[in-house]
Amino acid sequence: MRIALHTCCGPCLIEPLEALQPEAAEVVAVFANPNIQSIEEYLRRREALLGYVGGLGVEVVELADPALAEQWAQQAGVWGVNRERRCRICYRIRLTSVAKWAAEKGLDAFATTLSVSPYQDYPVICDEGWRAAKAAGVAFLDRDFRDRYAEVTRRSRDLGMYRQKYCGCSFSEVEAEQQRRKSAARRKRRGTA
């Protein structure tokens, strides 16, 4: 089986790649992330990914279509304050682009590294993955890699990989910063800061 693995970043690739390789003749990492803002952040994530796979013999394909970025901005941007809707649209755009690419290149299936993060909505990822698979005519491997998150974190830190502090879009950056401030305030109140 040949698998296109939607890859959001280098750290999140580590464990899903290792989990899928034994059952695949080939795994292609597909960097399709029109949601990532700013361009500097996008480039840091791409470089971390390329640096990790450099010696592994894994092909990386970048789907950097300006039309997808515009589609994301128009559709998800409308729902910026509504995280549930915004994230669903984001998953839809990214997974649809990877499913179409996999079908065009004759791959058998696709999966996503998004399902390694406990901060992502796994049931919605699956909904959108199956929707994209049906439309493109390829299989979706709805693998739940969340039990590997602690290992992803440990290994990526040990490797000195760039680890982002937010999901990707400017809305998530603001939300993550607000959450960090709340956590810091709680620690300060408890005297553990």
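Residues numbered from 1 in each chain as written. Predicted model: local features only at pLDDT ≥ 70, side-chain atom pairs only at ≥ 80, totals over all residues. Heavy atoms only, no water.

### Thoughts on the pairing of strand 2 (residues 26-31)
The buried fraction of strand 2 is high, at five of six residues. Note: strand 1 (residues 2-6) against strand 2, five bridges, orientation parallel. Across the sheet, the residue bridging to A4 is V28, located in strand 2. Handedness of the crossover joining strand 1 and strand 2 through helix 1 (residues 10-20): right-handed. Bridge count between strand 2 and strand 3 (residues 60-62): three bridges; the pairing is parallel. By the bridge assignment, F31 is partnered in strand 3 with E62. One crossover worth recording links strand 2 to the parallel strand 3 by way of helix 2 (residues 39-53), and it is right-handed. (Buried < 20%, exposed > 50% of the residue type's maximum accessible area, 1.4 Å probe, protein only. Helix = DSSP H or I, 4+ residues; strand = E, 2+ residues; numbered from the N terminus. Pairing = 2+ DSSP bridges. Right-handed = clockwise from strand over helix to strand, strands pointing away.)

### Points about the packing of aromatic side chains
As enumerated under the stated definition, the model contains four aromatic pairs in all. Plain terms: the ring middles of Y119 and Y149 are 6.0 Å apart, the flat faces sit at 80 degrees to each other, and that makes the pair edge-to-face. Linking Y119 in the loop between strand 4 (109-112) and helix 5 (122-136) with Y149 in helix 6 (residues 149-158), this pair joins segments that are 30 residues apart in sequence. Of the residues examined, Y119 reaches a relative accessible area of 58% and is grouped as exposed. (Phe/Tyr/Trp six-rings, centres within 6.5 Å; stacked < 30°, edge-to-face > 60°.)

### Side note on the pattern of salt bridges
Tallying each qualifying case throughout the model produces 16 salt bridges. Between D127 and R88 there is a salt bridge, with its nearest N and O atoms 3.5 Å apart. Within this pair, whereas D127 is found in helix 5, its partner R88 is found in helix 4 (residues 83-104), the two being separated by 39 residues in sequence. Exposure remark for R88: the relative accessible area of 26% places this residue in the partly exposed category. Residues joined by salt bridges that share partners form a network here, namely R88, R92, D127, E128 and R131. (Salt bridge = Lys/Arg side-chain N within 4 Å of Asp/Glu carboxyl O.)

### Focus on the nonpolar core
Of all hydrophobic cores here, the largest spans 48 residues; its most connected members are A4, L13, L20, V30, W101 and F110. Of all the elements in the fold, those that place two or more residues in this core are strand 1, helix 1, strand 2, helix 2, helix 4, strand 4 and helix 5. No other element matches helix 4, which puts seven residues into this core. Sequence-distant contacts of F110, defined by excluding residues within four places in its chain, comprise I3, A4, L95, V98, A99, G129, A132, A133, V138, A139, F140 and L141. Counting seven residues, the second largest nonpolar core, distinct from the first, contains A76, I89, C90 and I93. (Core = buried A, V, L, I, M, F, W, Y, C linked by side-chain atoms within 4.5 Å. Contact = heavy atoms within 4.5 Å.)

### Comments concerning the sheet that holds strand 2
Strand order across the open sheet formed by five strands is 3-2-1-4-5, with parallel pairing between neighbours. Looking at strand neighbours, the two that pair on one side only are strand 3 and strand 5 (139-140), the edges of this open sheet. Sheet strands in contact with helix 1 are strand 1, strand 2 and strand 4, and its direction is about 165 degrees off that of strand 1. (Axes fitted to C-alpha atoms, helices over the stretch in contact; angles between N-to-C directions.)

### Let's talk about the environment of I14
Position of I14 among the secondary structure elements: in helix 1. What makes I14 buried here is its relative accessible area of 0%. C-alpha separation for the pair I14 and P66, spaced 52 residues apart in sequence, amounts to 27 Å. Sequence-distant contacts of I14, that is, excluding residues within four places in its chain, are made with Y52, V152, R155, S156, L159 and M161.

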